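Tertiary structure, described
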Amino acid sequence: MKNSHSFLGLVLGLAGLFLSGEVGAQRDLEVADMTPRQEAGKFLDKGYCDDSYAIYARLYGKDSLLKDFMGMASSETCRRRYEEADRLLRWAINRDTQYVPAYYAMGKNFIAQASEDSALHYFRTYNRVTERKIRETGSAESEDPRAWLYIGNIYRVRMHKRGITDKEWIEMMFAYERYLQIKPNDPGQYQLRSFLEKATAKRPNPEDVLIWDERS
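Summarised in this report is the structure supplied together with it. Every value quoted in this text rests on a predicted model; they were computed, and no experiment measured them.

Some thoughts on the environment of S118
Among the secondary structure elements, S118 is positioned in helix α7 (residues 116-137). A relative accessible area of 29% means that S118 is categorised as partly exposed. Put simply, S118 and M106 are 12 residues apart on the chain and 8.8 Å apart in space, counted from C-alpha to C-alpha.

What about the state of the cysteines?
This structure, assessed with the given rule, holds one disulfide. For C49, the disulfide goes to C78, at an S-S distance of 2.0 Å. Between C49 and C78, the S-S dihedral sits near -50°, and the bridge is therefore left-handed. Taken together, the residues span a long stretch of sequence, with C49 in helix α3 (residues 49-63) and C78 in helix α4 (residues 66-78) at a distance of 29 residues.

Examining unusual backbone geometry
Unlike most non-glycine residues, R80 shows phi in positive territory, near 65°. Given the relative accessible area of 53%, R80 is considered exposed. The phi angle at A114 is positive, at roughly 60°, despite the residue not being glycine. For A114, the location among the structural elements is in the loop between α6 (100-112) and α7.

Considerations on the packing of helix α8 (residues 146-161) against helix α9 (residues 166-182)
It is at 8 Å that the axes of α8 and α9 come closest, and there the two elements cross at 145°. Considering only the axes of α8 and α9, their crossing is left-handed. In contact with R146, W148, L149, I151, G152, N153, Y155, R156, R158 and M159 of α8, α9 contributes E168, E171, M172, F174, A175, Y176, R178, Y179 and I182. Of the residues that constitute the contact of α8 with α9, the class distribution is 11 nonpolar, two polar and six charged.

A look at the side chain of D144
Along the chain, D144 turns up in the loop between α7 and α8. Residue class for D144 comes out buried when judged on its relative accessible area of 17%. A distance of 2.6 Å separates the side chain of D144 from the side chain of R146, its partner in a polar contact. What D144 contacts, discounting residues up to four positions off in sequence, is Y104 and Y126.

Some remarks on the packing of aromatic side chains
For the coordinates displayed, the defined rule picks out 11 aromatic pairs. With a centroid separation of 5.7 Å and an interplanar angle of 10°, the aromatic rings of F110 and Y122 are classed as stacked. Of this pair, F110 sits in helix α6 while Y122 sits in helix α7, and the two are 12 residues apart along the sequence. Using a relative accessible area of 12% as the deciding quantity, one classes F110 as buried. Overall, the relative accessible area of 10% leaves Y122 in the buried class. Through a chain of ring-to-ring contacts, the aromatic side chains of Y104, F123, Y126 and Y150 assemble into a single cluster. Taking the ring centre of Y53 as reference, the NZ or CZ of R79 above it sits at 4.2 Å.

Points about the nonpolar core
Counting 45 residues, the largest nonpolar core has F123, M172 and F195 as the members making the most contacts within it. Not counting residues within four places of it along the chain, the set of residues in contact with F123 comprises Y104, G107, K108, I111, A147, Y150, I151 and I154. Membership of the second largest hydrophobic core comes to seven residues, among which are A40, Y56, L59 and M72.

So, the environment of F43
With respect to the helices, strands and loops of the structure, F43 is situated in helix α2 (residues 36-45). Take F43: its relative accessible area is 0%, and that puts it in the buried class. F43 sits 10 residues away from Y53 along the chain, and the two C-alpha atoms are 9.0 Å apart.

Concerning the packing of α4 against helix α5 (residues 82-95)
Where α4 meets α5, the axes come as close as 7 Å, and the angle between the chain directions of the two elements is 150°. On the basis of their axis angle, the class for α4 and α5 is roughly antiparallel. Seen from above, α4 lies across α5 with left-handed handedness. Between α4, through L66, F69, M70, M72, A73, E76 and T77, and α5, the contact on the second element is made entirely by Y82, E84, A85, L88, L89, W91, A92 and R95. Considering only residue class, the contact of α4 with α5 consists of 11 nonpolar, one polar and three charged.

Calculation notes
Residues numbered from 1 in each chain as written. Predicted model: local features only at pLDDT ≥ 70, side-chain atom pairs only at ≥ 80, totals over all residues. Heavy atoms only, no water. Helix = DSSP H or I, 4+ residues; strand = E, 2+ residues; numbered from the N terminus. Buried < 20%, exposed > 50% of the residue type's maximum accessible area, 1.4 Å probe, protein only. Disulfide = S-S within 2.5 Å. Axes fitted to C-alpha atoms, helices over the stretch in contact; angles between N-to-C directions. Left-handed = near helix turned anticlockwise from the far one by under 90°. Contact = heavy atoms within 4.5 Å. Nonpolar A, V, L, I, M, F, W, Y, C, P; charged D, E, K, R; others polar. Polar contact = N/O pair within 3.5 Å; in protein donor to acceptor, adjacent residues only side chain to side chain. Phe/Tyr/Trp six-rings, centres within 6.5 Å; stacked < 30°, edge-to-face > 60°. Lys NZ or Arg CZ within 6 Å of the ring centre and 35° of its normal. Core = buried A, V, L, I, M, F, W, Y, C linked by side-chain atoms within 4.5 Å. Parallel < 35°, antiparallel > 145°, perpendicular 65-115°, else oblique.

So, to be careful, I would describe these as geometric facts and stop short of saying anything about function.
Listed below in structure tokens is the structure:
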């Protein structure tokens, strides 16, 4: 699992450049005025995975809401119970192939396992299904542009470690540019635009592989 945690840390670290109950002992978190669902989300964000799962499971058992089911799945990823998270998310996808949050969560589940190609597949699927729904409904309310950021980050980490092909370079650049189109005011936009400018000059030839640590 060491390599998995290392890969996850690199991807989440890059993302961090551009993103700004009756359970346990409250973990020193300010949750007094939160609803149980907000409390569970806070625990999940802070990595208190067992606590978040317990709250989401209680809520789902009471109301059977899909958002709480997804909270259970995300908590399973947080608990490194990847097969269980996979089982829950596949159930959600089979129930409704247009339910985009399940594709996004599946991508994150595979990132946590350092399964880069599987993560890329689900983030691409998320973007494809989301953009189709936007065309059909005219609403981007459910869109999470971080899927594009994750795609770019996966290729960026791969570029550092073993190199990327010209095709992968194109997808990396497009993913970052698409993210900036959707989130032009992201606090990390200047760092990302600087990277894109430098990376433009590094495009590999079709027959070559680009290995670049961004230091030169």
